[in-house]
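What follows is the residue order along each chain.
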Protein chains: 2
Amino acid sequence: MKKQKISDAVIHRLPRYYRYLDDLHNKGVVRISSSSLGAKMDITASQIRQDLSCFGEFGQQGYGYNVAELRAEIGHILGIDKGHRLIIIGAGHLGHALLQNFDFEKVGFQVDSAFDVSPELIGTSIRGVTIRSMDELEDYVAQFRPNVAVLTVPQNVAQPLASRLIDLGIKGFWNFTNVELSSHEPDVFFEDIHFVDTLLTLSYRISRN
Amino acid sequence: MKKQKISDAVIHRLPRYYRYLDDLHNKGVVRISSSSLGAKMDITASQIRQDLSCFGEFGQQGYGYNVAELRAEIGHILGIDKGHRLIIIGAGHLGHALLQNFDFEKVGFQVDSAFDVSPELIGTSIRGVTIRSMDELEDYVAQFRPNVAVLTVPQNVAQPLASRLIDLGIKGFWNFTNVELSSHEPDVFFEDIHFVDTLLTLSYRISRN
């Protein structure tokens, strides 16, 4: 497979390809043309072909894509077969909602444990995941070596907590705190979730109409 | 102000401009050049000038932008001064987290009420917002005329519920159900939140490294 610099725009479209292909796969669809996939996703067939060409050769002229194969290839590109192990920091309502409803395993993340400071939560478990005291964090991470942390904690502790976790070896942050986090480590990555951006986009659309 | 077709890419950058300008404004920054703003946001100065030119003339050659003015202008473009009124359907953990932590008012949305089917939740309130029975939905919407609904309900009821709300006159959906919703009404808009997309992007980045 060719190696080249992939643009952020392409990277951000990959998960959406994966979602659509996964859905088609679950519905038993075996083959799909780039134009049919494009129509479903509201993008052009040539955009799809161009995006996928960044990662190698997929599909066959006139025969379209094999759904199961392309789904597996894109899953592989996305790293869902890398065995990521994840801890959740903050088991309040949002942490609880993620533990209860989000299918981490389906996209290759094993949820190892959750942590909180609240005495009422420590020792309880949600869908089989035990909530531990934050005091156990250092020992736990040293022993079990998770590589990703989900942050659902108050804003004022977000950056110090991220720094503490980076020191412990965490490489990826799924960050729901609405604080833009940063690190000087080149191999540490943040995905900041800004709920407000999508609500403002909705506001724009209904206001213009 | 000129009217022209605005691309989705520009629309999706607007909320981020607003967030950064709001932050600068709160920090007391009065003026900023497009290059300084670009450096903060990790985009080019010319991208910023080009995006903003879709909406009119902002800033002064050599003097940069007045932060308070540009923030207000972008807020206006985004429709945060339109008096949107919103209901939350589903007061489980995610609905609860949004009611408790998300600052709807700050971006121009008044939270009118929340609805759920659970007898334990009906009649309680979170930050002053009463949780009502789903049986009251029709009467409530007819009387108070909210225009936006937040959906944090199970997947199997998402589309029927959206159709029911569209019939009642709801125009915008902030949709956390992970189901892609649709409508034939041209003036109804959906913002679908797919948590999984950002987790997969994170997976990609840490896996490639």
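Refer to the structure presented above.
Everything numeric in this text was worked out from a predicted model, so none of it was measured. (Residues numbered from 1 in each chain as written. Chains lettered and ligands numbered in written order. Predicted model: local features only at pLDDT ≥ 70, side-chain atom pairs only at ≥ 80, totals over all residues. Heavy atoms only, no water.)

### Comments concerning the environment of Gly75(A)
Residues and elements named next belong to chain A. In plain terms, the rule: Every helix listed is a DSSP run of H or I at least four residues long, and every strand listed is a run of E at least two residues long, numbered separately from the N terminus. Contacts are assigned to residue pairs with any non-hydrogen atoms lying within 4.5 Å of each other.
Examined against the element boundaries, Gly 75 turns out to sit in helix H4 (residues 67–78). The spatial distance from the C-alpha of Gly 75 to the C-alpha of Ala 158 is 30 Å, given a sequence separation of 83 residues. Residues within four places of Gly 75 in sequence aside, it is in contact with Tyr 18 and Ile 80.

### Details of the interface of chain A and chain B
Note the threshold: Note on terms: buried area is the combined drop in 1.4 Å-probe accessible area of two parts once they are placed together, counting the loss on both. Within this document, salt bridges are pairs made up of a side-chain nitrogen of Lys or Arg and a carboxyl oxygen of Asp or Glu, the two lying within 4 Å of each other. Two N or O atoms form a polar contact when they lie within 3.5 Å of each other; inside protein one atom must be a possible hydrogen donor and the other a possible acceptor, and for residues adjacent in sequence the pair counts only when both atoms belong to side chains.
Listed as interface residues are 57 residues of chain A and, on the opposing side, 57 residues of chain B. Summed over both partners, the interface of chain A with chain B comes to about 5300 Å²; 68% of that surface belongs to carbon and sulfur atoms. Ranking the residues of chain A by area buried against chain B places His93(A), Leu199(A) and Tyr204(A) at the top, with a combined share of 13%. Counting across the chain A and chain B interface gives eight salt bridges. The salt bridge involving Arg205(A) is made with Glu191(B); its shortest N-O contact spans 3.7 Å. Viewed at the interface, chain B and chain A are joined by 25 residue pairs in polar contact (both at pLDDT 80 or more).

### Remarks on the sheet that holds strand E5 (residues 125–126) of chain A
The cut-off we apply is this: In this description, strands pair whenever DSSP reports at least two bridges between them. The angle between two axes is taken between their N-to-C directions and runs from 0 to 180 degrees, where each axis is a line fitted to C-alpha atoms and a helix contributes only its stretch in contact.
Here seven strands make up an open sheet; going across it, the order is E5-E6-E4-E3-E7-E8-E9 (chain A) and the pairing mixed. Among the strands making up the open sheet, the edge pair consists of E5 and strand E9 (189–192) of chain A. Relative to strand E7 (residues 148–151) of chain A, strand E3 (residues 84–89) of chain A runs parallel, the two being bridged by four bridges. Across the sheet, the residue bridging to Ile88(A) is Val150(A), located in E7(A). Where helix H8 (residues 195–208) of chain B meets the sheet, it contacts E3, strand E4 (109–116), E7, strand E8 (172–175) and E9 of chain A, and its direction lies at approximately 170 degrees from that of E9(A).

### A word on the relation of the copies chain A and chain B
Definition in use: The least-squares superposition of copies is restricted to C-alpha atoms, and to residues with a pLDDT of at least 70 in both copies.
Mapping chain A onto chain B calls for a screw motion: a turn of 180 degrees about the axis and a shift of 0.0 Å along it, with 0.0 Å RMSD after fitting. Here the symmetry operator amounts to a two-fold rotation axis. Among all residues of chain A, the one whose C-alpha sits closest to the rotation axis is His93(A), at a distance of 2.4 Å. When the interface residues of chain A are mapped onto chain B, 100% of them again fall at the interface, so both copies present the same face.

### Topic: the nonpolar core
Heads up, the condition is: Side-chain atoms within 4.5 Å link the members of a nonpolar core, which is a set of buried Ala, Val, Leu, Ile, Met, Phe, Trp, Tyr and Cys residues. Here's how the labels work: a residue is buried when its accessible area is under 20% of the maximum for its type, exposed when over 50%, partly exposed in between, all with a 1.4 Å probe on protein chains only.
One finds Phe104(A), Trp174(A), Phe104(B) and Trp174(B) to be the most contacted residues of the largest nonpolar core, which totals 106 residues. The residues touching Phe104(B), leaving out its near neighbours within four places in the chain, are Leu199(A), Leu86(B), Ile88(B), Leu98(B), Phe109(B), Val111(B), Val150(B) and Trp174(B).

### What about the pairing of strand E6 (residues 129–133) of chain B?
All names here are of chain B. As judged from the three bridges shared by strand E4 (residues 109–116) and E6, these two strands associate in the parallel manner. Paired with Phe 115 across the strands is Arg 132, a residue of E6. Across two bridges, the pairing between strand E5 (residues 125–126) and E6 is antiparallel. Counted as the bridge partner of Ile 126 is Val 129 from E6. Hairpin connection of E5 to E6: two residues between the antiparallel strands, including Arg 127 at a positive phi of 45 degrees.

### Details of the packing of aromatic side chains
Selection criterion: In summary, the pairing rule links any two rings of Phe, Tyr or Trp, Trp by its six-membered ring, whose centres are within 6.5 Å, and it sorts them by plane angle into stacked for under 30 degrees, edge-to-face for over 60 and tilted for everything else.
Tallied over the entire structure, the rule returns 21 aromatic pairs over all chains. Geometrically, the ring pair formed by Phe176(A) and Phe195(B) is edge-to-face, given 5.5 Å between the ring centres and 90 degrees between the ring planes. Here Phe176(A), found in the loop between E8 and E9, pairs with Phe195(B), found in helix H8, and the two come from separate chains. Here the two residues Phe176(A) and Phe195(B) agree in accessibility, since each one is buried.

### A short note on the sheet that holds E4(B)
All names here are of chain B. Taken in spatial order, the seven strands of this open sheet run E5-E6-E4-E3-E7-E8-E9, and their pairing is mixed. Looking at which strands have only one partner, the edges of the open sheet turn out to be E5 and strand E9 (189–192). Relative to strand E7 (residues 148–151), helix H7 (residues 158–167) is tilted by about 170 degrees, and along the sheet it contacts strand E3 (84–89), E7, strand E8 (172–175) and E9.

### Overview of the pattern of salt bridges
All names here are of chain B. Scanning the entire structure with this criterion turns up 24 salt bridges over all chains. Salt-bridge contacts for Arg 13 lead to Asp 51; the nearest nitrogen and oxygen are separated by 2.6 Å. A residue pair is termed long-range when its members are at least 10 positions apart, and Arg 13 in helix H1 (residues 8–26) and Asp 51 in helix H3 (residues 45–53) qualify at 38 residues. Given a relative accessible area of 24%, Arg 13 falls into the partly exposed group. Measuring nitrogen to oxygen at the nearest pair gives 2.7 Å for the salt bridge that ties Asp 22 to Lys 106. Here Asp 22, found in helix H1, pairs with Lys 106, found in the loop between helix H5 (93–101) and E4; they are 84 residues apart in sequence, far enough to count as distant. Residue classification places Lys 106 among the partly exposed positions, given a relative accessible area of 45%.

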